[in-house]
Amino acid sequence: MKSLHRPDLYSWSNFNPARNIDFNGIAWIRPDGNILIDPVALSNHDWNHLKSLGGVVWIVLTNSEHIRASKEIADQTYAKIAGPIAEKDTFPIPCDRWLSDGEEFVPGLEVIELQGSKTPGELALLLEETTLITGDLVRARKAGSLTILPDDKLLNREEAVASIRRLAQLSRVEAVLVGDGWPVFRDGRDRLKELVATL
């Protein structure tokens, strides 16, 4: 796993040739139990690295299309899984907890519910007010800039744009860690505002 912009965050990726983009998993290493977000498959090296950092107690999924390797990881580690409450009735795998807008999943990790993306109530996660973690709606096809899911994938473009405007109002965001594409490690709020200006 790759060390990110703060010592308690790691990422690992699988390259998708069809879309020419990385799919990213995030690990937040914390004393009360590590959390994985939208985890892709782990290599043997990454498995060993994760174990050396204390394993995993929770897996948080931003939406039903980011299940990725979560079930296999949970089966091997006994980690619990949390998902978006808006998909509770149709989610493809069992969840131990359902997350809704505004709740603090664990201390320092706030849940933000987004509307209009390709799945109902997609989640974004705000870590200690300065790191935003996104699933599908906000992505990055080019280093240093953010983009939105294509219109033909959106359930409702107007609602999607409103959700991104809401993210751009988060006053202290420095980094934006996207589920799909390149992470932004500096000036994250500026990049979100630039994205809003293009919509």
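Everything here concerns the structure above.
Small disclaimer: the values here were computed from a predicted structure and weren't measured.

Peer 1: Would you mind going over the overall build of the protein chain in detail, with residue names and values included?
Peer 2: Secondary structure assignment for the protein chain yields four helices and 14 strands. On C-alpha atoms alone, the protein chain measures out to a radius of gyration of 15 Å, which is about the 16 Å that the 2.2 N^0.38 rule sets for 199 residues. With respect to the principal axes defined by its C-alpha atoms, the protein chain has extents near 45 × 35 × 35 Å. Here the protein chain, with 199 residues, has 55% of them falling under the buried criterion. A separation of at least 24 residues holds for 49% of the contacts in the protein chain among residues at least 6 apart in sequence. Summed over its atoms, the accessible surface of the protein chain is roughly 9,300 Å², and 47% of this surface lies on carbon and sulfur atoms. On the protein chain, the mean spot of the 23 positive side-chain charges and the mean spot of the 29 negative ones are 4 Å from each other.

Peer 1: I'd like a description of the pairing of strand E10 (residues 122-127), backed by residues and values.
Peer 2: When you tally the buried positions in E10, you get six out of six residues, the bulk of the element. Burial along E10 is two-sided: Glu-122, Ala-124 and Leu-126 and Leu-123, Leu-125 and Leu-127, pointing in opposite directions, are all buried. Of the pairings in the sheet, the one linking strand E9 (residues 109-114) to E10 comprises six bridges and is antiparallel in character. Paired with Glu-113 across the bridge in E10 is Leu-123. Bridging between E10 and strand E11 (residues 131-134) involves three bridges; their strand directions are antiparallel. Considered in E11, the bridge of Leu-126 is made with Leu-132. With antiparallel pairing between neighbouring strands as the criterion, E10 and E11 make up a hairpin whose turn holds three residues, including Glu-128 at a positive phi of roughly 45 degrees.

Peer 1: Pulling in residues and values, what's your account of the sheet that holds strand E2 (residues 9-16)?
Peer 2: In spatial order, the strands read E1-E2-E3-E4-E5-E6-E7; together these seven strands make up an open sheet with mixed pairing. The sheet is open, and its two borders are formed by strand E1 (2-3) and strand E7 (97-99), each paired with just one other strand. Where strand E4 (residues 35-37) meets strand E5 (residues 58-60), three bridges bridge the pair, whose relative direction is parallel. Following the sheet pairing, Leu-36 is matched in E5 by Ile-59. The sheet contacts of helix H2 (residues 70-77) involve E4, E5 and strand E6 (80-84), and relative to E5 the element is tilted by about 170 degrees.

Peer 1: Please provide a residue-by-residue account of H2, values included.
Peer 2: Here H2 has its buried residues at Ser-70, Ile-73 and Ala-74. Viewed end-on, H2 has its buried residues packed into an arc of 100 degrees, placing them on one side of the element. Elements in contact with the buried residues of H2: E4, helix H1 (44-52), E5 and E6. Tyr-78 occupies a position one or two residues after H2 and carries a positive phi of about 65 degrees.

Peer 1: Residue-level account of the pairing of E9, with values.
Peer 2: The element E9 is largely enclosed, with a buried count of five among its six residues. As judged from the two bridges shared by strand E8 (residues 104-106) and E9, these two strands associate in the antiparallel manner. Following the sheet pairing, Val-106 is matched in E9 by Leu-109. The hairpin formed by E8 and E9 contains two residues between the paired strands, and Gly-108 there has a positive phi angle of roughly 95 degrees.

Peer 1: A description of the environment of Gly-108 should follow, citing residues and the corresponding values.
Peer 2: Structurally, Gly-108 is set in the loop between E8 and E9. Gly-108 has contacts with Trp-28, Leu-126, Leu-127 and Glu-128, leaving out every residue within four places of it along the chain.

Peer 1: Explain unusual backbone geometry residue by residue, including any values.
Peer 2: Phi angles above zero are rare outside glycine, and Asn-20 is one such case at about 55 degrees. For Asn-20, the position within the fold is in the loop between E2 and strand E3 (21-28). Its relative accessible area of 59% is what places Asn-20 among the exposed residues.

Conventions and cut-offs
- Counting restarts for each chain, with residues numbered from 1 along the sequence as it is written.
- Per-residue local features of the predicted model are confined to residues with pLDDT of at least 70, and side-chain atom pairs are confined, for both listing and counting, to 80 or more; whole-chain, interface and lining totals are unaffected and use all residues.
- To get the side-chain values, all heavy atoms of the structure are used, and hydrogens and water are removed first.
- Only DSSP runs of H or I covering at least 4 residues are called helices, and only runs of E covering at least 2 are called strands; the numbering of each starts at the N terminus.
- Our radius of gyration is a C-alpha quantity, and the globule rule it is checked against amounts to 2.2 Å times the number of residues to the power 0.38.
- Only protein chains enter the accessibility calculation, which uses a 1.4 Å probe; a residue whose area is less than 20% of its type maximum is buried, one above 50% is exposed, and one in between is partly exposed.
- Note on definitions: a residue-residue contact is assigned when non-hydrogen atoms from the two residues lie within 4.5 Å.
- In this description, accessible areas are obtained by the Shrake-Rupley approach with a 1.4 Å probe, and a residue is regarded as covered only by the protein chains that are shown.
- Asp and Glu count as negative and Lys and Arg as positive, but His and the ends of the chain are not part of the count.
- Charge positions are represented by NZ for Lys, CZ for Arg, CG for Asp and CD for Glu.
- Two strands make a pair as long as DSSP finds a minimum of two bridges between them.
- Axes here mean lines fitted to C-alpha atoms, for a helix over just the part in contact, with angles spanning 0 to 180 degrees between N-to-C directions.
- By construction, the arc corresponds to the directions joining the helix axis to the C-beta atoms.

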